[in-house]
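What follows is the residue order along each chain.
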Amino acid sequence: MSSEETRIRCTAITKSGGQCRLYDIEGTEYCQIHEPVAVPAEPDVSEEEIRALQAELDELVLRVRALNTGYEPPSFSLRRLVRLVAESMRGMSESERLALLEPLRSALADVDMETLKGIWYMLNFTVQYQVDFVKRRFTGDYDTDEWGLDWEIVDLMRPFFTALYNTYWRVETTGVEQIPDEGRALLISNHSGQIPWDTVMVGTAVMNEHPAQRLVRGLYSDLFPSLPWFSHTVVKLGQALATEDNGVRLLEQDELVAVYPEGHKGIAKTYKDRYRLARFGRGGFVRLALKTGAPIIPVAVVGAEETYITLYNSTSVARVIGLPSFPITPIFPWLGLLGLVPLPSKWYIDFGQPIPTEDYGEESADNQVLVSQLSDQVRNTIQEMLMDRLAARRSLFFTSS
Amino acid sequence: MEEQKTVLVTGAAGYWGHRVARRLASEVGTRVIALDAEEPAEEIEDIDFIQADVRNPLVAKLIETEGVEAVCHLAFRPDVRRSEAAFDLNVMGTMKVLGACAEAGVGKVVLKSSTAVYGARRSNSAFLREDRPLQGSRRYGYTRDWVEVEAFCNGFRHQAPDVELTILRFPGIIGPTADTPMTRFLGELSTPSLLGFDPMMQLIHEDDVVEALVHALGSDASGAFNVAAEDVLPLNKIRGLAGKPPLLILHPFAYWGAGFLRGAGLGLGSFMPIELDYLRYSWVGDLMRMQQELGFAPRHTAEEALREFAEIQRTRRFRLESTALGRGEQRMRDIIEQRRRAREQQASIETGSEEGYEDE
């Protein structure tokens, strides 16, 4: 005990209710027994910030009340409020919970009963809102953007897609940070697997791995609008029909658009042609990029080809049914619909370096030479990316490193 | 002393003609001549009503002698079943009116059409611009006639470039008093939708239709314009907001049912006022021209219009003579507005200030 420093006693209250009589550890206000479990007594949040947070909470509650004058929450009690907060945080990790509780605790330290009641109202309303999901679909109380994107449906389907991404196909994604955080960009990818799961996985890759969690607005073929259920679900997930007007409009709204130029040719490939890129159409995607100055980001998806081992493509049966192709695999159509279950190959999605198109100017979209040149450039880049990945891949179903 | 602008409104006994005529009559400086083969059910004050068929060849002479400067041609029979009589009035009638306008040197003609003329196809872009080729279905009478009229107008613009021809294409129209395919679809329980399809759709409120037509008469813009409320909603949401319980039929059965009804000669109009394709694919119009060139902004959003519609639907069975009351309410509204403007004008004349033209 040096005479220069003043030892102070620990400021914690012991279990029996009395003041702790031990001396504190240097630099803190607690002794060695109480220090590990104590929340730092000095909040980093200043008075004004606390007041600002409270004001925001009050305003939010007022707004929610104004929108839903008919809603009455169950009767209020502090204990029920605490329990509701605990329940709402059940799905969160330890660090997330602490990150939420610390500022909330300091903000609520001096708050009045009215704000607490407001928080009670809001939490109950949120729970009720989620429970009412189906009811609200029937009464029309939900919002979509002008394209038909419905965020609640996206959030609903996201766990399923994430499970496919993480567990079933164990997708490894590289280069996703090359996608800009905001602003227009055009993703161009190879297309394979008889069913467009690769579009779903590319979308999931960007949404889960990109720091800005951007939604990919893919352009789908005109096969979808005439299929029941798929026609409106793809729209609600933010995708649009593959027309030039749609692509240009989306890009001008600074969205992240994905195009799969191989189209049906790519997806209907038999196993022997796997990873050999089909023709990239007439370069329509290049025109999209040139008209809007959006950078082209090449994407290579490896692993989708092996989801279905297509031995033969029966065009005659396809014509009868009205589909663009009818694949024959070892399990389809022999096992019926069970044959449609994709194989759990290991996937790799590589995002390449963006190819800027701003400097060419809008009118260059009519320059057929430039369009073909860029189209070939992108196709070759993707082919190279595929080859690089295939060379490094040693196993179809397991990790190669 | 202001100049009187003479406007001819055809189809004045029908719903739209009647409303546009009444709306124009309340504008200061506009003299309205109303034309129709039948007498209107209610009289409109301050309007010159002439009972004549638009197909009468002497209409051109009438236009000339009365000094008509603008024509709003609303004589149209929107039947579901195709018929010669409807075709004759809709298409031939329009052709004759346009011919008369060209002959008499009318400056401006405004027609009411529909975004249905684009056709509802699976290859449609999400927002259809006005310059695309019109591929509307030919099965229903009204779409077929609109497509024919628009095709004729295309040629007409080249023949008579001096006539400013404005065509306003409206999507489904809803409102408290109008009787349109959309109100019939949303108002009846027995009108089915297709299971598994939920296209994005546009709507417009009936008041905005009247305002748009009047606005077009006074504006310099010419050509075709999509006019709709700015919010685009999925069909499911439209049904939900309108309070219509969904009657969903698997699409092959729905098409077979429609084919059967048509083949048996039974009226399709009550079960399927809107053709099935238009409930399956999108036919949403791009509104850029309306906003930038026509300079018109609808006052009601589709959501507001639907909630209003739902309220009226819920109380409909408790109302007596709802249509007449609705019209009476509309008329009273216009009279009050008219008197207010007359008072304002009187006040400004008395204070000696310069009275400009009425602004909307």
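**Considering the overall build of chain B**
Right, so step 1: The helix and strand tally for chain B stands at eleven helices and 13 strands.
Right, so step 2: Taking 2.2 N^0.38 as the reference for a compact globule, 360 residues should give roughly 21 Å; the C-alpha atoms of chain B span a radius of gyration of 21 Å, in line with that estimate.
Right, so step 3: If one aligns the C-alpha atoms of chain B with their principal axes, the spans along those axes are about 65 × 45 × 40 Å.
Right, so step 4: Counting all 360 residues of chain B, 54% fall into the buried class.
Right, so step 5: Entry remark: accessible area of chain B is about 16400 Å², with carbon and sulfur atoms responsible for 51%.
Right, so step 6: In chain B, 42 positive and 55 negative side-chain charges are present, and the distance between their average locations comes to 9 Å.

**Observations concerning the side chain of Ser345 of chain A**
Residue and element names in this part refer to chain A.
Right, so step 1: Tracing the chain through its elements places Ser345 in the loop between strand S8 (327-328) and strand S9 (348-351).
Right, so step 2: At a separation of 3.3 Å, a polar atom in the side chain of Ser345 contacts the side chain of Trp347.
Right, so step 3: The residues contacting Ser345, other than those within four sequence positions of it, are Tyr168, Trp169, Arg170, Gly303, Glu306, Thr307, Leu396 and Phe397.

**Brief notes about the environment of Arg82 of chain B**
Residues and elements named next belong to chain B.
Right, so step 1: Following the sequence through the fold, Arg82 ends up in the loop between strand S4 (70-73) and helix H3 (84-104).
Right, so step 2: Sequence separation between Arg82 and Gly141 is 59 residues; the distance between their C-alpha atoms is 4.2 Å.
Right, so step 3: Sequence-distant contacts of Arg82, defined by excluding residues within four places in its chain, comprise Arg138, Arg139, Tyr140, Gly141 and Arg144.
Right, so step 4: Among the polar contacts listed, one links the side chain of Arg82 to the backbone oxygen of Arg138, at a separation of 3.2 Å.

**Observations concerning the interface of chain A and chain B**
Right, so step 1: Listed per partner, the contact involves 27 residues of chain A and 25 residues of chain B.
Right, so step 2: Roughly 2000 Å² is buried in total at the junction of chain A and chain B, and carbon and sulfur atoms are behind 49% of that figure.
Right, so step 3: Inspection of the region where chain A meets chain B yields five salt bridges.
Right, so step 4: For Lys236 of chain A, the salt bridge identified is with Asp198 of chain B, shortest N-O distance 2.8 Å.
Right, so step 5: Linking chain A to chain B there are eleven residue pairs in polar contact (both at pLDDT 80 or more).

**Quick notes on a nonpolar patch on the surface**
Right, so step 1: On the surface, Leu195, Leu248, Leu250, Phe253 and Trp256 of chain B cluster together into a nonpolar patch covering about 520 Å² of accessible area.
Right, so step 2: If you trace the backbone, Leu250 of chain B turns up in the loop between strand S13 (248-249) and helix H8 (251-263).

**Some words on the sheet that holds S9 of chain A**
Residues and elements named next belong to chain A.
Right, so step 1: Read from one edge to the other, the open sheet built from seven strands follows the order S1-S9-S6-S2-S5-S3-S4, with strand pairing classed as mixed. Taken across any chain shown, the strands that pair with only one partner, and hence form the sheet edges, are strand S1 (172-174) and strand S4 (240-241).
Right, so step 2: Here strand S2 (residues 185-189) runs beside strand S5 (residues 256-259); their pairing, made up of four bridges, is parallel. Bridge pairing in S5 places Ala185 opposite Leu256.
Right, so step 3: Along the sheet, helix H7 (residues 197-209) contacts S1, S2, strand S3 (216-220), S5, strand S6 (296-302) and S9; its crossing angle with S9, the most-contacted strand, is approximately 65 degrees.
Right, so step 4: Its contacts with the sheet place helix H13 (residues 368-392) against S1, S2, S6 and S9, and it is angled at close to 35 degrees to S6.

**Let's talk about the pairing of strand S6 (residues 164-170) of chain B**
All names here are of chain B.
Right, so step 1: A large share of S6 lies buried, amounting to six of its seven residues.
Right, so step 2: Direction of pairing for strand S5 (residues 108-114) relative to S6: parallel, over a ladder of seven bridges. Of the residues in S6, the one forming a bridge with Ser114 is Phe170.
Right, so step 3: With respect to chirality, the unit in which S5 leads through helix H4 (residues 141-159) into the neighbouring parallel S6 is right-handed.
Right, so step 4: Sheet analysis places S6 next to strand S11 (residues 223-226), joined by four bridges and oriented parallel. Opposite Ile167, over in S11, you have Ala224 as the bridge partner.

**Some details on the pairing of S6 of chain A**
Residue and element names in this part refer to chain A.
Right, so step 1: Summarising burial for S6: seven of the seven residues are buried, a large majority.
Right, so step 2: Residues of S6 alternate between two faces, with Ile296, Pro298, Ala300 and Val302 on one and Ile297, Val299 and Val301 on the opposite face, all of them buried.
Right, so step 3: As paired strands, S2 and S6 are joined by four bridges and run parallel to one another. Across the sheet, the residue bridging to Leu187 is Ile297, located in S6.
Right, so step 4: Where S6 lies against S9, four bridges are found, and the strand directions are antiparallel. In the sheet register, Val301 faces S9, and the bridge partner there is Ile349.

**Points about helix H6 (residues 151-168) of chain A**
All names here are of chain A.
Right, so step 1: An ideal rise of 1.5 Å per residue puts 26 Å on 18 residues; H6 measures up with 24 Å between its terminal C-alpha atoms.
Right, so step 2: The sharpest bend along H6 reaches about 35 degrees and sits at Arg158, with the proline Pro159 one to four residues further on.
Right, so step 3: Residues of H6 that are buried: Ile153, Val154, Met157, Phe161, Thr162, Leu164 and Tyr165.
Right, so step 4: In this structure, the buried residues of H6 make contact with helix H5 (133-139), S1, H7 and helix H8 (230-236).
Right, so step 5: Two residues or fewer after H6 comes Arg170, characterised by a positive phi angle close to 40 degrees.

**Digging into the pattern of salt bridges**
Right, so step 1: Tallying each qualifying case throughout the model produces 41 salt bridges over all chains.
Right, so step 2: For Glu255 of chain A, the salt bridge identified is with Arg217 of chain A, shortest N-O distance 3.2 Å. Here the residue Glu255 of chain A occupies a position in the loop between helix H9 (244-252) and S5, and Arg217 of chain A occupies one in strand S3, the gap between them amounting to 38 residues.
Right, so step 3: In this structure Arg217 of chain A comes out as buried when scored by relative accessible area, which is 2%.
Right, so step 4: As a salt-bridge pair, Asp286 of chain B and Arg249 of chain A come within 2.5 Å of each other at their nearest N and O atoms. Of this pair, Asp286 of chain B sits in the loop between H8 and helix H9 (288-294) while Arg249 of chain A sits in helix H9, which puts the two residues in different chains.
Right, so step 5: A relative accessible area of 8% places Asp286 of chain B in the buried class.

**Considering the environment of Gly257 of chain B**
Right, so step 1: Positionally, Gly257 of chain B belongs in helix H8.
Right, so step 2: Along the chain, Gly257 of chain B and Leu268 of chain B lie eleven residues apart, while their C-alpha atoms are 9.8 Å from each other.

Procedures and definitions
- Residues numbered from 1 in each chain as written.
- Chains lettered and ligands numbered in written order.
- Predicted model: local features only at pLDDT ≥ 70, side-chain atom pairs only at ≥ 80, totals over all residues.
- Heavy atoms only, no water.
- Helix = DSSP H or I, 4+ residues; strand = E, 2+ residues; numbered from the N terminus.
- Rg over C-alpha atoms; globule rule 2.2 N^0.38 Å.
- Buried < 20%, exposed > 50% of the residue type's maximum accessible area, 1.4 Å probe, protein only.
- Areas by Shrake-Rupley, 256 points an atom, 1.4 Å probe, with all protein chains shown as cover.
- Lys, Arg positive; Asp, Glu negative; His and termini not counted.
- Charge placed at Lys NZ, Arg CZ, Asp CG, Glu CD.
- Polar contact = N/O pair within 3.5 Å; in protein donor to acceptor, adjacent residues only side chain to side chain.
- Contact = heavy atoms within 4.5 Å.
- Buried area = accessible area lost by both parts, 1.4 Å probe.
- Salt bridge = Lys/Arg side-chain N within 4 Å of Asp/Glu carboxyl O.
- Patch = residues over 30% accessible without salt bridge, like charges linked within 9 Å, V, L, I, M, F, W, Y side chains within 5 Å.
- Pairing = 2+ DSSP bridges.
- Axes fitted to C-alpha atoms, helices over the stretch in contact; angles between N-to-C directions.
- Right-handed = clockwise from strand over helix to strand, strands pointing away.
- Expected span 1.5 Å × (residues − 1).
- Bend = angle between axes of the 7 residues up to and from the residue.

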